[in-house]
Amino acid sequence: MQLTVDLRSDTVTKPTPGMLEAMWSAKVGDDVLGEDETVNELEQKAAAIFGMEAGLFCPSGTMTNQIAIKCFTQPLDELIADQTAHVYRYEGGGIAFNSAVSTRLLEGYRGIITAEMIEPEINAENIHYPHTSLVVLENTVNKGGGSCYTLRDIEPIAALCKKRGLKLHLDGARIFNALTYTGDKAVDYGKYFNGISVCLSKGLGAPVGSILLADAETIKYARRIRKVMGGGWRQAGFLAAAGIYALDHHVERLKIDHAHARILGEELGKLPWVSNVMSVETNIVLFDTVEPASAVLNKLAAHGIKAGDTAKHRIRFVTHLDVHAEQIEYLVKVLKEM
Ligand SMILES: *Cc1c(COP(=O)(O)O)cnc(C)c1O
């Protein structure tokens with residue numbers, strides 16, 4: 001029997017019946033007026049989880065990241081990030097467009113950078129150089145194949161930023177995957193970062209939405225920036241209800257996605273048509289194929305399996321809450337027969 005398995009991204013999940021129920025029964029109001037109690041609840045809940053003062057619910061992770069960059073920089077500044085960074089590669093050039101800021105890219109290992117790598121790239125005070133004002137980390141690293149920072153890795157970076165007067169922002173689109181893998185506590189994150197973006201629409205399975213977390217003053221300004229970007233929304237509580245439900249019910253289960261990804265990594269490693277598999281930490285599996293990736297993707301598609309390529313010979317599988325054990329079993333069988 002052929003099954004459909006969609007491994008293109010963890011954004012493809014559909015709301016569960018419980019989540020839909022929570023959305024239907026949400027109490028809503030006009031969020032631009034600050035009157036949507038469900039949005040307010042979500043923002044306070046997420047801030048408390050990460051040890052931050054305040055939150056701002058936004059339509060996308062791109063918007064939360066771009067607002068954060070706007071809040072933490074001035075035009076003509078420069079930010080530092082790894083060369084794989086989502087904020088640089090996949091947000092449409094928004095750093096330059098929204099904030100008039102340049103980007104200094106580092107060559108990390110699977111997207112992970114260190115204080116030793118950052119320090120020499122902070123510009124000295126000199127009229128020739130853009131003013132370095134922000135470091136952006138990503139956890140997990142999407143293009144690094146779901147690789148993780150631990151808080152021990154982050155500590156020296158945060159200390160360096162503090163010493164040199166730089167702000168530190170976390171693109172935590174998949175922060176709960178990182179926490180699941182590392183065992184670090186979410187509440188400790190607030191100590192190290194000026195801003196944190198959290199996606200509810202990735203592994204957590206909400207249909208829409210991300211939250212920016214920061215201190216109350218930053219969030220007050222961020223609310224202005226969201227408005228000017230056209231992101232001031234009204235009865236958004238229907239969507240916030242999905243986010244609250246996701247935080248309550250879909251965090252614990254991320255370990256299932258990780259176990260599924262680990263099985264796929266192990267099985268792929270045994271196949272003659274696979275030349276390399278990146279070690280699996282969370283819910284993303286990156287592997288290299290002997291044939292061009294496009295040819296392999298066509299064969300997979302013929303079996304109802306959707307995936308994406310990230311390079312000419314590289315394929316990405318992402319596990320999520322709509323990929324169940326029976327689909328993993330089916331997928332492994334297809335992979336072995338290919
Ligand atoms: C998905 C993602 C985002 C945000 O993407 P949106 O589609 O705008 O919600 C940000 N950073 C990373 C690392 C991501 O994977």
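No experiment lies behind these values; they were computed from the predicted model shown. (Residues numbered from 1 in each chain as written. Predicted model: local features only at pLDDT ≥ 70, side-chain atom pairs only at ≥ 80, totals over all residues. Heavy atoms only, no water.)

Asker: Is there a simple way to explain the domain arrangement of the chain in this structure?
Answerer: A common way to state how big an interface is: give the accessible area lost once the parts meet. Parsing the chain into structural domains produces domain 1 (5-12 + 252-337) and domain 2 (17-249). Contacts between domain 1 and domain 2 engage 17 residues on the former and 20 residues on the latter. Considering only the side of domain 1, the residues that lose the most area to domain 2 are D10, L254 and E281, jointly responsible for 36% of the buried surface there. Linking domain 1 with domain 2 are 1 salt bridge. (Domains from an automatic or database assignment. Contact = heavy atoms within 4.5 Å. Buried area = accessible area lost by both parts, 1.4 Å probe. Salt bridge = Lys/Arg side-chain N within 4 Å of Asp/Glu carboxyl O.)

Asker: Even after reading the chapter, I still don't get helix α13 (residues 325-337), so can you show me in this structure?
Answerer: Residues that lie three or four places apart on an α-helix share one face, since the helix turns once every 3.6 residues. Compared with an ideal rise of 1.5 Å per residue, which puts 13 residues at 18 Å, α13 spans 19 Å between its outermost C-alpha atoms and is within 8% of the ideal. Inspection of α13 places Q327, I328, Y330, L331, V332, V334 and L335 among the buried residues, and these make up the whole buried set. Looking at the packing, one finds that the buried side of α13 touches β1 (5-6), α11 (254-269), α12 (293-302), β11 (305-306) and β13 (314-318). (Helix = DSSP H or I, 4+ residues; strand = E, 2+ residues; numbered from the N terminus. Expected span 1.5 Å × (residues − 1). Buried < 20%, exposed > 50% of the residue type's maximum accessible area, 1.4 Å probe, protein only.)

Asker: What is the right way to read unusual backbone geometry from this model?
Answerer: Leaving glycine aside, a negative phi is the common case for residues, and trans is the common case for peptide bonds. With omega at 0°, the peptide bond leading from N139 into T140 counts as cis. In this model, L76 sits at a positive phi of 85°, which is unusual for a non-glycine residue. In this fold, L76 is placed in the loop between α3 (61-72) and β3 (77-82). Owing to a relative accessible area of 69%, L76 belongs among the exposed residues under this scheme. Although it is not a glycine, R110 sits at a positive phi angle of roughly 50°. Residue placement: R110 occurs in the loop between β4 (102-106) and α6 (115-118).

Asker: What am I meant to see in the pattern of salt bridges here?
Answerer: A pair can form between side chains of opposite charge whenever their charged atoms are brought close. Throughout the structure, instances matching the rule amount to 17 salt bridges. When the shortest N-O distance is used, the salt bridge between K255 and E252 registers 3.2 Å. In this structure E252 comes out as exposed when scored by relative accessible area, which is 60%.

Asker: I would appreciate a short explanation of the sheet that holds strand β2 (residues 54-58) in the present structure.
Answerer: Read from one edge to the other, the open sheet built from 7 strands follows the order β2-β8-β7-β6-β5-β3-β4, with strand pairing classed as mixed. For this open sheet the edge positions go to β2 and β4, each flanked by a neighbour on one side alone. Strand after strand, the sheet turns through a mean of 20° between neighbouring axes, direction not considered. One ladder, built from 4 bridges, connects strand β7 (residues 195-199) with strand β8 (residues 210-214); its direction is antiparallel. (Pairing = 2+ DSSP bridges. Axes fitted to C-alpha atoms, helices over the stretch in contact; angles between N-to-C directions.)

Asker: What's the story with α11 in this structure? I'm lost.
Answerer: The end-to-end C-alpha distance of α11 is 23 Å, a good match for the 22 Å that 16 residues give at a rise of 1.5 Å each. Burial in α11 covers these residues: L254, D257, H258, H260, A261, L264, G265, E267 and L268. Where the residues of α11 are buried, they touch α8 (175-182), β9 (274-277), β10 (284-289), β13 and α13.

Asker: What exactly am I supposed to notice about the site of the ligand here?
Answerer: Taken together, 13 residues lie near the ligand, and G61, T62, D171, R174 and K202 sit nearest. In this structure, a nitrogen atom belonging to the ligand sits 3.4 Å away from a side-chain N or O atom of H86. Within the side chain of N142, an N or O atom sits 3.0 Å from an oxygen atom of the ligand. Ranked by residue count, the leading element in the shell around the ligand is α3, at 3 residues. For the shell around the ligand, the residue count by class is 2 nonpolar, 6 polar and 5 charged. (Near = heavy atom within 4 Å. Polar contact = N/O pair within 3.5 Å; in protein donor to acceptor, adjacent residues only side chain to side chain. Nonpolar A, V, L, I, M, F, W, Y, C, P; charged D, E, K, R; others polar.)

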